[in-house]
Amino acid sequence: MTAAQVTLQQQQSRRPGILIVGAGLGGLFLGIILEELGHPYHIFERATEVRPLGSTMALGPGILPVFEQLDLLKELEKFALPCHSVEIHNANMDLFGSIKFMERERSGYPNLLFERPDLYDLLLRRVPKDRISMGKKVLRTEEVSGRVYIHCADNTTYEGDILVGADGAYSGVRQSIYRELMKKGMLPKSDHEDFSVANISMVGVAEKQDPKKYPQLNDKQANFSTTLGHMKTRTVINIPDNRICWTINIQLSKEEAKAQHFRNSEWGPESNEKMIKEFEQLPCPWGGTMGEIIHATPKHLISKVFLEEKFFKTWYHGQTVLIGDACHKMLPGAGLGAVNAMQDAVVLANCISKMSDVSPQNITAAFGQYYKQRYRHALYSFTMSRFWTKMTYGQTWSERLLRQQVVNFTPEWVYFMLYFKTASYRPQIAWLPLAENRGTVRILPQDDIGSETKADMSKSRFKIKSKSKNKSRNKEQDQGYICEQVEKEKTKQTMESKKVDDHLLIV
Ligand SMILES: Cc1cc2nc3c(=O)[nH]c(=O)nc-3n(C[C@H](O)[C@H](O)[C@H](O)COP(=O)(O)OP(=O)(O)OC[C@H]3O[C@@H](n4cnc5c(N)ncnc54)[C@H](O)[C@@H]3O)c2cc1C
């Protein structure tokens with residue numbers, strides 16, 4: 001055997017060193033899964049400290065099974081409330097109608113609403129501290145001789161096998177690979193185009209309020225109340241601990257949207273007195289004015305953002321891949337932005353963990369699998385996000401008409417069909433015991449799960465009446481076939497990852 005062959009064999013058996021740019025919800029979730037799998041990884045975040053910004057977020061059946069797999073669901077439920085519907089009020093405060101979500105009996109999981117910083121803290125606590133470097137703004141990335149490099153603003157450079165761009169809507173990693181693709185004439189035209197701006201939003205979470213003033217705070221479910229006005233929408237939602245998440249939103253006309261293109265659209269603590277003034281005298285659907293709730297929010301925790309959308313066609317190139325907002329920035333109407341970022345993380349981790357070696361060809365092939373599995377589902381979520389944003393915020397003539405139709409004349413089964421597709425797609429971590437389906441909705445089989453399990457998954461989802469029988473068989477199947485594989489794989493990976501942690505090199 002020659003020396004060259006020895007090197008090749010050693011390379012083939014090792015696990016890839018993964019550089020993740022961005023410690024947002026997508027980047028952290030990927031870190032947690034890789035930690036579980038024993039893969040070497042490191043997260044680079046440009047912020048110097050965690051910023052507890054943001055307001056309401058929602059997670060539902062599309063991702064909660066993975067929270068269950070990771071033992072995070074109970075923790076999440078501690079600071080979340082289930083939400084069953086959205087109530088829409090007219091400008092004169094009359095209840096215009098409500099949009100119901102799929103019930104728990106059907107989907108098997110609640111729709112949980114909570115404050116973004118709480119979820120962020122939960123995920124951050126699960127990632128070991130030595131796996132994240134804060135204050136690392138990545139300026140440039142490159143690939144040389146089968147290795148990826150990131151160059152940071154503080155003049156440090158890091159090297160690995162795989163680079164994941166989880167750096168949000170204005171992803172620098174995306175810009176780096178797009179520059180390469182443009183040079184080669186390989187970038188689709190639509191990927192050059194600008195984001196489309198739809199709304200300006202301001203969000204915050206008011207400090208503890210009096211339940212005597214707002215009786216909605218006594219409820220054990222989230223009351224989601226939206227009030228429409230002339231191109232202006234305001235929303236209040238109760239979360240545990242007597243706090244209120246709020247959003248004020250201005251819909252932009254096409255001309256205004258064009259004029260905003262040069263603006264920075266990232267989430268930031270940019271309180272804007274002018275926008276607050278426009279809303280503070282308006283009545284809150286729960287009584288009093290919006291100003292009373294807005295002014296009960298610490299100023300540095302109010303963020304303003306231009307809500308945009310864009311679905312990119314190109315998600316990977318060579319040894320670099322994108323997840324979350326970096327490849328599909330969605331409008332907030334369906335609450336699917338974070339869900340999709342996390343689903344990306346699950347599927348990408350599954351594809352990476354199946355790689356037989358870390359050759360550049362194999363890495364690109366794994367990314368191809370990830371793209372194939374995720375693209376159409378993310379595109380569907382993108383379309384639904386646009387639809388529900390028009391439904392809940394839209395103020396143009398055609399959007400008002402659409403809302404009239406949907407809220408007043410749509411039978412329940414049509415809602416069911418609309419939710420069905422999102423509720424039935426639930427990618428899970430292939431190497432952990434699967435969370436069983438407790439609902440009656442049929443679940444799509446998952447590409448990267450062993451054929452026996454796949455067959456069992458879809459059977460259990462058809463046989464609603466004999467669920468308990470299937471339950472035990474599912475458990476047996478999961479804990480027998482899968483656990484055995486998982487244990488074998490985990491032991492192997494832990495041993496290997498100890499050997500290969502040094503592949504994440506500081507140069
Ligand atoms: C502070 C903040 C508040 C938000 N609040 C809400 C909210 O209230 N409601 C809602 O629906 N959505 C909110 N979002 C958006 C939502 O979290 C995302 O749409 C969704 O979770 C997808 O996550 P992501 O990981 O793809 O991107 P993001 O959550 O945007 O995370 C991207 C991360 O990458 C980091 N980053 C960017 N560029 C670089 C670089 N060059 N080098 C290193 N790191 C970099 C960013 O600082 C950020 O931490 C917020 C996002 C942020 C960052």
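Values in this document were obtained by computation on a predicted structure and should not be read as measured data.

Structural notes on the pairing of strand β5 (residues 85-89)
Link 1 in the chain: Judged by which residues are buried, β5 turns out to be one-sided: Val86 and Ile88 face inward and are buried, whereas Ser85, Glu87 and His89, on the alternate face, are not.
Link 2 in the chain: For β5 and strand β6 (residues 95-100), the ladder comprises five bridges, and the chain directions are antiparallel. Its bridge partner lying in β6, His89 is registered against Leu95.
Link 3 in the chain: Pairing of β5 with strand β14 (residues 224-228) involves four bridges; the strand directions are parallel. Opposite Glu87, over in β14, you have Ser225 as the bridge partner.

Considering the nonpolar core
Link 1 in the chain: Grouped together as the largest cluster of nonpolar side chains are 113 residues, with contacts concentrated most on Leu30 and Val164.
Link 2 in the chain: Viewed by domain, this core spans two of them, domain 1 (14-193 + 309-506) and domain 2 (196-308), each represented by three or more residues.

Notes on the UniProt feature "transmembrane region" (unreviewed entry) in the protein chain
Link 1 in the chain: Mapped onto the present numbering, the UniProt feature "transmembrane region" (unreviewed entry) falls on residues 17-34.
Link 2 in the chain: Structurally, residues 17-34 comprises 56% helix and 22% strand, and the distance from its first C-alpha atom to its last is 11 Å.

Comments concerning the environment of Thr392
Link 1 in the chain: The topology assignment puts Thr392 in helix α12 (residues 360-393).
Link 2 in the chain: Every residue in contact with Thr392, bar those within four places of it in the chain, is listed here: Val86, Ile88, Thr226 and Gly333.

What about the sheet that holds strand β4 (residues 81-82)?
Link 1 in the chain: Strand order across the open sheet formed by three strands is β3-β7-β4, with antiparallel pairing between neighbours. Every interior strand has two partners, whereas the edge strands, β3 (56-59) and β4, have only one.
Link 2 in the chain: When β3 meets strand β7 (residues 112-115), the two strands line up antiparallel, connected through four bridges. Its bridge partner being in β7, Leu59 is matched across the sheet by Leu112.
Link 3 in the chain: Against the sheet, helix α6 (residues 116-126) touches β3 and β7, its axis set at about 90 degrees to β7.

So, how was this worked out
Sequence order as written defines the numbering, with residues in each chain counted from 1. The predicted nature of this model means local features are confined to residues of pLDDT at least 70 and side-chain atom pairs, given and counted, to a pLDDT of 80 or more, with totals for whole chains, interfaces and linings taken over all residues. Residue burial here comes from a neighbour count, namely the number of other C-beta atoms, placed from the backbone, that lie within 10 Å of the residue's own C-beta, with 20 or more meaning buried, 12 or fewer meaning exposed, and in between meaning partly exposed. Going along the chain from the N terminus, every DSSP run of H or I of four or more residues is numbered as a helix, and every run of E of two or more is numbered as a strand. Any two strands are treated as partners once DSSP identifies two or more bridges connecting them. Nonpolar cores are built from buried Ala, Val, Leu, Ile, Met, Phe, Trp, Tyr and Cys residues. These are joined into a set through C-beta atoms within 7 Å. Throughout the structure description, domain borders are defined by an automatic or database domain assignment. UniProt positions are given in the numbering used here, feature names are shortened, and annotations may be inferred rather than shown by experiment. A pair of residues counts as a contact when their C-beta atoms, built from backbone coordinates, are within 7 Å of each other. Structural elements are reduced to axes, namely lines fitted to C-alpha atoms, with helices fitted over the stretch in contact, and the angle between N-to-C directions of any two is expressed from 0 to 180 degrees.

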